[in-house]
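# Notes for the structure review
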Amino acid sequence: MKYKKQYLYSKFERFWHWTQMLLVMLLTFTGFEIHGNFEIMGFENSVRIHSAAAWSFMGLAVVSIFWMIVSKQYLNFIPTTTKLKEQLQYYTSGIFKGRPHPLHKTLYNKLNPLQRIVYAGLLILIFPVQIITGIAYMYYHYPENPIDADGLLLAVNAHTIGAFMVVAFIIVHVYMTTTGHSVSANVKAMISGYEKEPDTENSPEETISKNQ
Ligand code: HEM
């Protein structure tokens, strides 16, 4: 099969993706040490690193929201039900039979309908919940415990549930990265910015559209 290459992931998008990945891994690792699941760095170091990563994560969120708006990349994250059935059929059956991907990616349509729903849930629900409950945790509990800690029970539990949802997302996301045209195709695309797509028009030349 012939492939064409297209430039889908700008420098900033790749920076955002990998920096966010590192920060989320750090937050998850230190968060579960704080939660008491294991002891590697020690509670106090974990709290310090978790706070530093949390502030970096929030700074990155502000910059990336600005970038999303200016570059109109937010359009990729708007949930849709168009071709949702085809995508579900692909993931539950077609993928195991070597059928082609239902989505042909473009700069403003790089995410399939299932990814749109999951990523929108992560970006506009789970991350904001982590940020709001994390700030409540920082300012209403430590160090003087100015209000009754029981009042924070909801925030603390929501933060922990959010953390488990982030872990579930990471597991599914890592599996999904292997479902491109080859096992490493999606990861390579997020490193180089270029994605290989089956050339449905069967054109002999490699077409590179560098849009950003
Ligand atoms: C991917 C995002 C995040 C994950 C997976 C995560 C995970 C966790 C977990 C599992 C805990 C332990 C909860 C407990 O045992 O009660 C925790 C604690 C905490 N998190 Fe996060 N968190 C994230 C983001 C944030 C953000 C954005 C902030 C700040 C705005 C934040 C601030 C805190 C604070 C202050 C604590 C309590 C630390 C302490 O005991 O002193 N977290 N986090």
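Provided above is the structure to which this section pertains.
Reference entry: report on the structure contained in this document. None of the values given here were measured: they were computed from a predicted structure.

Another aspect to go through is the packing of helix H2 (residues 43-71) against helix H4 (residues 113-140). Contact geometry for H2 and H4: axes closest at 11 Å, N-to-C directions at 140 degrees. In terms of their interaxial angle, H2 and H4 are classed as oblique. Judged by the twist between their axes, the crossing of H2 over H4 is left-handed. Mapping the contact onto sequence places Ser51, Ala54, Trp55, Phe57, Met58 and Met68 in H2 and Leu123, Phe127, Ile131, Ile135, Met138 and Tyr139 in H4. For the contact of H2 with H4, the class distribution of residues is eleven nonpolar, one polar and no charged.

Turning our attention to the nonpolar core. Trp16, Phe57, Phe77 and Phe127 are the most contacted members of the largest nonpolar core, which has 18 residues in total. Listed by contribution, the elements that provide at least two residues to this core are helix H1 (11-35), H2, H4 and helix H5 (153-177). No other element matches the six residues that H2 contributes to this core.

Quick look at the coordination of the iron atom of the ligand now. For the iron atom of the ligand, every protein donor is listed as His50 (NE2) and His159 (NE2), and the spread of their distances is 2.0 Å. Taken together, the six donor atoms coordinating the iron atom of the ligand and their angles of 86 to 179 degrees define a geometry best described as octahedral. Of the two residues, His50 sits in helix H2 while His159 sits in helix H5, which places them 109 residues apart along the sequence. On the basis of relative accessibility, which here comes to 14%, the residue His159 falls in the buried class.

Calculation notes
- Residues numbered from 1 in each chain as written.
- Predicted model: local features only at pLDDT ≥ 70, side-chain atom pairs only at ≥ 80, totals over all residues.
- Heavy atoms only, no water.
- Axes fitted to C-alpha atoms, helices over the stretch in contact; angles between N-to-C directions.
- Helix = DSSP H or I, 4+ residues; strand = E, 2+ residues; numbered from the N terminus.
- Parallel < 35°, antiparallel > 145°, perpendicular 65-115°, else oblique.
- Left-handed = near helix turned anticlockwise from the far one by under 90°.
- Contact = heavy atoms within 4.5 Å.
- Nonpolar A, V, L, I, M, F, W, Y, C, P; charged D, E, K, R; others polar.
- Core = buried A, V, L, I, M, F, W, Y, C linked by side-chain atoms within 4.5 Å.
- Buried < 20%, exposed > 50% of the residue type's maximum accessible area, 1.4 Å probe, protein only.
- Donors = N, O, S within 2.8 Å, 3.2 Å for Na, K, Ca; no water.
- Tetrahedral: all angles 85-135°; square planar, octahedral: opposite > 155°, others 65-115°.

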